[in-house]
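Secondary and tertiary structure notes
Each chain is listed here by its residues.
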Amino acid sequence: MSTIKVAILGSTGSVGTQTLDVIRSDPDRYEVVGLACGSDADGLLKQADEFNVRTVCVGIHNAATPPEPNGITLLRGPEGMCEVAAGTGADIVVVATVGDAGFAPTVAAVEDGKSVALASKEMLVMGGSLITELAKSSGANILPVDSEHNALWQCLRGESPSEVSRLILTASGGPFRETPAERLESMTPEDALKHPTWNMGAKITIDSATLMNKGLEVIEAHWLFDIPYESIDVLIHPESIVHSMVEFVDGSIKAQLGSPDMRLPIAYALSYPERRPSGARHVDLASLSNLHFSAPDHGRFPLLNTAIEAGRRGGNAPAVLCGADDAALKLFLAGKITFPVIADLVIETLQEVEHEELHDLEAVPGFHRAGFETAMSLAAIRSE
Ligand code: MG
């Protein structure tokens, strides 16, 4: 059994620390060769010490960094992130960054033909057409860590693409699944951050509350599995035990079940094509009295369709969508706008920013910025 060399981008975040949990519980299998974080330099250096990592990077240029300990190369900024991704000899690069910070290093890893375990959905959402093309030509494998896509990947294993009729992405429905429309306006960031089943970072938790997250996941699934948008459905499943399903032409449905614990999809992606213990609690089916499924409520959660529509439109629309959403979340978390205004701002921004085709991955951050800035100025006009 050979050791798998792993680099982790976003190592101090939720998925990053859980990736290190998986590695900690299976230490003979993995060697950590590179770590990168956004701004938590102290946390990063602690991880480097524990896992004996020589090359680390603090992604945010002006973040305060302690003096670098002996024997450790502490890089800074996006160039340093690219170095961690492609210059540390990693067999597999885990991308678990927030927002668009992981974009350039993901491109570097894909260009280099590496296996990329993708937890951050933004890359495929914003640049899916070009990234999948790039992966085809470099031979890079994109391995989904997002629990739903990991589930779809497991269900599709050994199946013929021509026999798939539908992908069914499950969604917990988030903390406001049963909140009446008229009460959504008074929901605070604290309410939105209380996710019923998953323990995740702030951005993805609020994106789950608006169902934006599920819309982004539909786009992500479209690019990962080359399935047309009209053959991807979303189903609300509050227990988060069935992580997604695939329906085949004969009417059979395959589902992947497991406890809502990111260590399971992380371990599957890291050890693929093997299966290894993940540390996740095993599901006791006899103790589950009920599993529920229902259609999503598009009236209360308009961002689900807004996101899917932006995916279908393609070009700059998904990047503008992500930029606008980042701005709206920032304003919501700061108490400057109410929950329903998140959707209003994103929808207005998509109408405002002119459509452009996407010919070059380097244009993506600019489109993202345009979405962010347009949403910010629309919010400023609203508050006048
Ligand atoms: Mg997910």
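Below or above, wherever it landed, is the structure these notes cover. Note that this is a predicted model, so its numbers are computed, not measured.

Here the focus is the nonpolar core. In this structure, Val6, Val56, Leu167, Leu270, Leu321 and Ile342 are the most contacted members of the largest nonpolar core, which totals 123 residues. Counting residues per element, this core draws most heavily on helix 12 (residues 317-333), at 11 residues. Each residue touching Leu321, except ones within four places of it in the same chain, is listed here: Met212, Leu216, Ile219, Thr306, Ala307, Ala310, Val346 and Leu350.

What follows covers the sheet that holds strand 3 (residues 55-58). With parallel pairing, the 7 strands of this open sheet are ordered in space as 4-3-2-1-5-6-7. Edge positions in the sheet fall to strand 4 (73-76) and strand 7 (141-144), since each of these pairs with one other strand and no more. This sheet shows a mean twist of 25 degrees between the axes of neighbouring strands, independent of strand direction. Across 4 bridges, strand 5 (residues 92-95) lies against strand 6 (residues 115-118) in parallel orientation. Of the residues in strand 6, the one forming a bridge with Ile92 is Ser115.

Let's shift gears to the packing of helix 12 against helix 14 (residues 364-382). Packed helices, taken two at a time, are described by their axes: the angle between them and the distance between them. Where helix 12 contacts helix 14, the two axes come as close as 7 Å, and the packing angle between them is 40 degrees. Overall, the two elements helix 12 and helix 14 adopt an arrangement that is oblique. The interaxial crossing formed by helix 12 with helix 14 has right-handed handedness. When helix 12 is examined against helix 14, the residues Ala319, Val320, Cys322, Gly323, Ala324, Asp326, Ala327, Lys330 and Leu331 are found in contact with a partner set consisting of Val364, Phe367, His368, Gly371, Phe372, Ala375, Met376 and Ala379.

Turning next to the sheet that holds strand 9 (residues 232-236). Across the sheet, which stays open at both edges, the 4 strands sit in the order 9-8-10-11 with mixed pairing between neighbours. Two strands close off the open sheet at either side, each with one partner strand: strand 9 and strand 11 (253-257). Within the sheet, the average angular offset between the axes of one strand and its neighbour, ignoring direction, is 20 degrees. In this sheet, strand 11 lies alongside strand 10 (residues 242-248) in antiparallel orientation, the contact comprising 5 bridges. From the neighbouring strand, Met245 faces strand 11, where its bridge partner is Ala255.

The coordination sphere of the magnesium ion, as far as protein atoms go, consists of Asp146 (OD), Glu148 (OE) and Glu217 (OE), spread over 2.1 to 2.2 Å. Written as a sequence motif, the donor arrangement for the magnesium ion is D-x1-E-x68-E. Within this pair, whereas Glu148 is found in helix 6 (residues 147-156), its partner Glu217 is found in helix 9 (residues 212-225), the two being separated by 69 residues in sequence. When sorted by exposure, Glu148 lands in the same class as Glu217, which is buried.

A separate point is the side chain of Asp325. Residue position: Asp325 is located in helix 12. Owing to a relative accessible area of 0%, Asp325 belongs among the buried residues under this scheme. At 3.1 Å, the side chain of Asp325 forms a polar contact with the side chain of Lys203. The residues touching Asp325, leaving out its near neighbours within four places in the chain, are Lys203, Asp207, Met212, Leu303, Ile342 and Val346.

Rules behind the numbers
- Residues numbered from 1 in each chain as written.
- Predicted model: local features only at pLDDT ≥ 70, side-chain atom pairs only at ≥ 80, totals over all residues.
- Heavy atoms only, no water.
- Core = buried A, V, L, I, M, F, W, Y, C linked by side-chain atoms within 4.5 Å.
- Buried < 20%, exposed > 50% of the residue type's maximum accessible area, 1.4 Å probe, protein only.
- Helix = DSSP H or I, 4+ residues; strand = E, 2+ residues; numbered from the N terminus.
- Contact = heavy atoms within 4.5 Å.
- Pairing = 2+ DSSP bridges.
- Axes fitted to C-alpha atoms, helices over the stretch in contact; angles between N-to-C directions.
- Parallel < 35°, antiparallel > 145°, perpendicular 65-115°, else oblique.
- Left-handed = near helix turned anticlockwise from the far one by under 90°.
- Donors = N, O, S within 2.8 Å, 3.2 Å for Na, K, Ca; no water.
- Polar contact = N/O pair within 3.5 Å; in protein donor to acceptor, adjacent residues only side chain to side chain.

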